[in-house]
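Here is how the chains run, residue by residue.
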Amino acid sequence: MNYRHAFHAGNFADLLKHAVLTALVGALRARPGPLAIVDTHAGAGVYDLRGEAAAKTGEGEAGVGRLMRDAAAPGAFDALKAAVAALNPNGKTRFYPGSPILLTAAQRPGDSYLGCEIRADDNAALRIALKQRRGAAVTSADGWRTAVEQAARGRGRLLVLIDPPFERPDDYAQIVATVAEVRAQRRDAVIAVWLPIKDLATYDSFLGDLEDAAAPAPTTIAEVRLRPLSDPMKMNGCAMALVGAPAGVAAAADEAGQWIARTLGEPGAVAQVTVLGD
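Residues numbered from 1 in each chain as written. Predicted model: local features only at pLDDT ≥ 70, side-chain atom pairs only at ≥ 80, totals over all residues. Heavy atoms only, no water.

Our next topic: unusual backbone geometry. With an omega of 5 degrees, the peptide bond between Ala 215 and Pro 216 qualifies as cis. Tracing the backbone through its elements, the reader meets Pro 216 in the loop between helix H10 (200-214) and strand E8 (219-225). Here the phi dihedral of Phe 166 falls at roughly 55 degrees; this positive angle occurs in a residue that is not glycine. Looking at where Phe 166 falls in the secondary structure, it is placed in the loop between strand E6 (157-162) and helix H9 (171-185). (Helix = DSSP H or I, 4+ residues; strand = E, 2+ residues; numbered from the N terminus.)

Shown next, in the form of structure tokens:
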């Protein structure tokens, strides 16, 4: 399965990821002091749900389309819904904001965002999307390496978002190595990781490796499974893994996950939030 952002913009996985990220960055910005964000696989920034890539899957209509029509959706989605509405002033849900738009929406003086995107077309689109955003920059450098370099170079508070397309067989190992290296440079760094859930063996093995790389920092896992893990060829669910997340983010993650499982899931859908090591 191709996890490039454009094909799956606005789907159930984006809804979980972006509800969690907006809660996370909101909690971090409620604290004093500048916040630096490094986004290792930033994508294009804004996605056209009627574009060729999104139209091939129709996942946006099944995800954010239903969310925007649900006036009773929980408050965990408020920031995301507001961002979607701002991109679609005519009230129709055509354009969807990627993580860079959401993470730079309320940057304060001194805050910064660095989006890493090696695809030339997505990099160019991201530069346009962030052109008017204060403190935002885009690079074509390798995101894995950049996250570690920024952790070693800077001071102050750091949030690293790791959201690869999972097109390479070593992406799971790269995540674990990057988490370990970032934490070796900056013990108080907060790290958010998105990952698909296809089969239980791969998922459980990764979580064990991540727990070791993040220790002794607590790692919160917010997951949604739309269906039982009976077909490893499907993306049966997804998870956000949060290393060192502030208190309160877990509640928003659970609220969003429960809505996704209940509203978008098949029979047997579940959502849960756990803390590794508990």
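Next, the rest of the story.
Turning our attention to the sheet that holds E8. Here we have 8 strands laid out as an open sheet, ordered E5-E4-E1-E6-E7-E9-E8-E10, and mixed in their pairing. Edge strands, defined here as strands with exactly one partner in the open sheet, are strand E5 (136-139) and strand E10 (270-275). Taking each pair of neighbouring strands and ignoring which way they run, the sheet shows an average axis angle of 15 degrees. Pairing analysis gives 5 bridges linking strand E1 (residues 35-39) to E6, with the strands arranged parallel. By the bridge assignment for E6, Val 38 is matched with Val 160. Packed onto the sheet, helix H11 (residues 249-264) meets E8, strand E9 (237-243) and E10 and runs at close to 160 degrees relative to E10. (Pairing = 2+ DSSP bridges. Axes fitted to C-alpha atoms, helices over the stretch in contact; angles between N-to-C directions. Contact = heavy atoms within 4.5 Å.)

Attention now moves to the packing of helix H2 (residues 12-29) against H11. A pair of packed helices is characterised by two quantities: the angle between their axes and the separation of those axes. H11 packs onto H2 with a crossing angle of 165 degrees between their chain directions and a minimal axis gap of 9 Å. On the basis of their axis angle, the class for H2 and H11 is roughly antiparallel. In this structure, the crossing between H2 and H11 has a hand that is right-handed. Contacts between H2 and H11 involve Phe 12, Leu 15, Leu 16, Ala 19, Val 20, Ala 23, Leu 24 and Ala 27 on the former and, on the latter, Val 249, Ala 252, Ala 253, Ala 256, Gly 257, Trp 259, Ile 260 and Leu 264. Here the contact of H2 with H11 is built from residues that sort into 15 nonpolar, 1 polar and no charged. (Parallel < 35°, antiparallel > 145°, perpendicular 65-115°, else oblique. Left-handed = near helix turned anticlockwise from the far one by under 90°. Nonpolar A, V, L, I, M, F, W, Y, C, P; charged D, E, K, R; others polar.)

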